[in-house]
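# Residue-level structure breakdown
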Amino acid sequence: MELTEFDSVRSRTEHEEQERLSPCAVLSSQSRGRRLPEQPSPVRTEFSRDRDRILHSKAFRRLKYKTQVFFSPAGDHYRTRLSHTLEVAQIARTIARALRLNEDLTEAIALGHDVGHAPFGHAGEQALDALCAGGFVHSQQSLRVVDLLERDGAGLNLTWEVRDGIAYHSKHQESVSQPLVSATGTLEGAVVRMSDAIAYLNADIDDAVRAGLIALDDVPATAVRALGREHGERIDTMVNGIIHASWGIAQGSPDARVAMEQPLLDATDALREFMFSRVYKHPSVEREAEKARMVVSQLYAYFDENEDELENEMRREGGPDWTVCDYISGMTDRYATRAFERLFTPRPWTY
Ligand code: MG
């Protein structure tokens, strides 16, 4: 393929995708497109544009101050939702590359998957779910953020495939072995969904050891035998196990699925049960979660009564129709804590 014009960089990349990727992969040139059609970029493919838009969004930057298990930790080595997102992207890209899937699409879905997450992780999500009309699920909120709330209501106008991957990345999973492709979903989306579970489980073990809630020796022996003892070792075993069990994708077989070998799935599920009983339901974690639910509920009640006080930025003329649920779920842990202090704790009198 003879290409000399600057204009052709994108076509060259699209051509390389056709040559290199599995027939099961989504080619960027064959995207179902955007809600509002746009001129193609001379350089970037549609999916790499989407990845860049997410990376440059405000919701993405707020992930830095949103946490999952340990709220606003003082220690600098704990994960935040931002580092979690980057870990998911790394794991998902490794798997996508090995299976000859579209890495740009995979990365875009991974970077966007949690942008709608509530403050205080799942405690915040539970509180909002009980309060918001129609409930609250962070994956659906992530879609709302990229579609409606970013860029003062213009949204990011992402491609169908990235939006689909974000919307279906988690559906109240009981086990990592639940079916991984939605009726219309892409394999790239399924890779992100699996990578999300690998990233948070292993990160949470690491952080729980750091927090002194568990010792590495507490991890069930069956899981250690199957997956390895160290953090990197476990991730490596899980990633390799997925690549091995999903190898049909790399070979282009039409019914290939993203899967994990059964013994590894069992070990991963055992690890998940261990984390629930020893960490996620630990009294000291539960105590903080209770406070977080209370903060979110109080803020909700306050702003529901005083909608005119939603930040000016969110009430801009012609901007999106922000709901109280959008406003509170968009808060970081520290923003929510400060708002709570400002509204509900007496201020020292100064004059
Ligand atoms: Mg996640």
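Residues numbered from 1 in each chain as written. Predicted model: local features only at pLDDT ≥ 70, side-chain atom pairs only at ≥ 80, totals over all residues. Heavy atoms only, no water.

## Regarding unusual backbone geometry
- Even without being glycine, R100 reaches a positive phi, approximately 60 degrees.
- Turning to its location among the elements, R100 is positioned in the loop between α4 (81–98) and α5 (103–112).
- For R100, a relative accessible area of 31% translates into the label partly exposed.
- One non-glycine residue with positive phi stands out, namely F120, at about 60 degrees.
- When you line up the elements, F120 lands in the loop between α5 and α6 (121–131). (Helix = DSSP H or I, 4+ residues; strand = E, 2+ residues; numbered from the N terminus. Buried < 20%, exposed > 50% of the residue type's maximum accessible area, 1.4 Å probe, protein only.)

## Here's the deal with the side chain of S246
- Among the structural elements, S246 can be located in the loop between α11 (231–245) and α12 (247–251).
- Its relative accessible area of 1% is what places S246 among the buried residues.
- Polar side-chain contacts of S246 include one of 3.0 Å to the backbone nitrogen of A259.
- Setting aside residues up to four positions removed in sequence, S246 forms contacts with L99, R257, V258 and A259. (Polar contact = N/O pair within 3.5 Å; in protein donor to acceptor, adjacent residues only side chain to side chain. Contact = heavy atoms within 4.5 Å.)

## Thoughts on the coordination of the magnesium ion
- Around the magnesium ion, the protein supplies H84 (NE2), H113 (NE2), D114 (OD) and D196 (OD) as donor atoms, at distances of 2.2 to 2.5 Å.
- Linear spacing of the donor residues for the magnesium ion on their chain is H-x28-H-D-x81-D. One end of the pair, H84, is in helix α4; the other, H113, is in the loop between α5 and α6, with 29 residues separating them in the sequence.
- What makes H84 buried here is its relative accessible area of 5%.
- Residue classification places H113 among the buried residues on the basis of a relative accessible area of 0%. (Donors = N, O, S within 2.8 Å, 3.2 Å for Na, K, Ca; no water.)

## Notes on the nonpolar core
- L128 and I328 are the most contacted members of the largest nonpolar core, which has 98 residues in total.
- Sort the elements by how many residues they give to this core and helix α9 (residues 187–210) lands first, with 12 residues.
- Once residues within four sequence positions are removed from consideration, L128 is found in contact with A118, F136, V296, Y300, C325, I328 and S329. (Core = buried A, V, L, I, M, F, W, Y, C linked by side-chain atoms within 4.5 Å.)

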